[in-house]
Every structure is written in C-alpha cells, then in structure tokens.
Amino acid sequence: MPPRRPRGESIIPMINVVFLLLIFFLLTSQIAPSTPFEVTTPEGGASELRAEARDVLYVSASGDLAWNEARGDAVWQAIALAAPEQAVEIRADAATPAVIVAAHLKRLREIAPEGARLVVSGG
C-alpha cells in the first residue's frame, strides 16, 4: 500500500467566515434610494452632502417635485403628514429658476417644523 500524503488544512472554515461576513454586511448596510429624476445641484461654498438623508425634496429643472413616493403638488401634503424631525433637504437642479426654489423654501418653512436646507455641490 502506498504511503498516504498528509492532508492539508481545510479551507471550509474560512469559506464559512467569508459567507458570514457577507451576510452581516448585507443585513447591516443601507441601500440608498434612487433619485426620482436626474438633478445636478448648483455649485456653492462649503457643502455637506449627506447620503443618509431620507427627507429630500427633489426639484427638477422643469420644476417637477418629488418627495419619497409623492410627486407633484402631493409632496406638500406628504411632508405635512410626515412632520420630519430634521430639516428637509432640497436638491434642486442647477437649471431651476431661483424664484421657484425660493417659493419652495418658503412653503417648506411653513409646513416643516425644522425648516429646510438647500443642498449644493462643493465648488
């Protein structure tokens, strides 16, 4: 009978650890929701973009509104019902007229307890 070769270390425990880590990161990670339409924020001074913000009012270049699942004028009622605990972020397209953005800021100030923050790109 030929001599047996020594068995190497088993790789199965390492595979188990890798799968456990993969499952852990999948369960604890937060998938960012996609934007309802393409928004190119205007450039500004010091900016603090927060990926974890959930209460974001999107304003397209044509003036369309989106907040969570609400679209159009329904966003105002949805914001009022949700009563967000932190300031609602406005991500308006750079091509959106300032008059429209100012009107939205004023309306948010009236219905959101914490007001609003206008998000711009760092320039």
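Preceding this paragraph is the structure being described.
What counts, and where the lines are drawn
Residues numbered from 1 in each chain as written. Predicted model: local features only at pLDDT ≥ 70, side-chain atom pairs only at ≥ 80, totals over all residues. Heavy atoms only, no water. Helix = DSSP H or I, 4+ residues; strand = E, 2+ residues; numbered from the N terminus. Expected span 1.5 Å × (residues − 1). Buried < 20%, exposed > 50% of the residue type's maximum accessible area, 1.4 Å probe, protein only. Arc of directions from axis to C-beta. Contact = heavy atoms within 4.5 Å. Pairing = 2+ DSSP bridges. Axes fitted to C-alpha atoms, helices over the stretch in contact; angles between N-to-C directions. Core = buried A, V, L, I, M, F, W, Y, C linked by side-chain atoms within 4.5 Å.

K.L.:
Whenever I open this one, helix 3 (residues 98-111) confuses me. Can you help?
P.N.:
Helical geometry: 3.6 residues make up each α-helical turn, so side chains three or four residues apart lie on a common side. Along its 14 residues, helix 3 runs 20 Å from first to last C-alpha, staying within 8% of the 20 Å computed at 1.5 Å per residue. Within helix 3, the full set of buried residues consists of V101, H104 and L108. When helix 3 is viewed along its axis, its buried side chains cluster within an angular range of 60° and face the same direction. The exposed set on the far side of helix 3, more than 90 degrees from its buried face, consists of V99, K106, R109 and E110. Each element contacted by the buried residues of helix 3 is listed here: strand 2 (56-59), strand 3 (65-67), helix 2 (74-82), strand 5 (88-92) and strand 6 (116-118).

K.L.:
Is there a simple way to think about the sheet that holds strand 5 in this case?
P.N.:
Working definition: the strands of a sheet are paired by backbone hydrogen bonds and lie parallel or antiparallel to each other. Pairing is mixed across the open sheet formed by five strands, whose spatial order is 4-3-2-5-6. The open sheet is flanked by strand 4 (70-71) and strand 6, the only strands paired with a single partner. As paired elements, strand 5 and strand 6 share three bridges and run parallel to each other. Each residue of the ladder has a partner; that of V88, found in strand 6, is A116. Strand contacts of helix 2: strand 2, strand 3, strand 4 and strand 5, with the helix running at about 25° to strand 3, the strand carrying the most contacts.

K.L.:
Help me out: how do you make sense of the nonpolar core in this one?
P.N.:
Most often, soluble globular proteins have nonpolar side chains that are buried together. Core analysis: the biggest nonpolar cluster contains 14 residues, and L57, V75, W76, I79, V88 and L108 have the highest contact counts within it. Among the secondary structure elements, those contributing two or more residues to this core are strand 2, strand 3, helix 2, strand 5 and helix 3. When near neighbours in sequence (up to four residues on either side) are disregarded, L108 contacts L57, W76, I79, V88, I90 and A116. Counting residues in each nonpolar core, the second largest holds five residues, with F37, V56, Y58 and A66 among its members.

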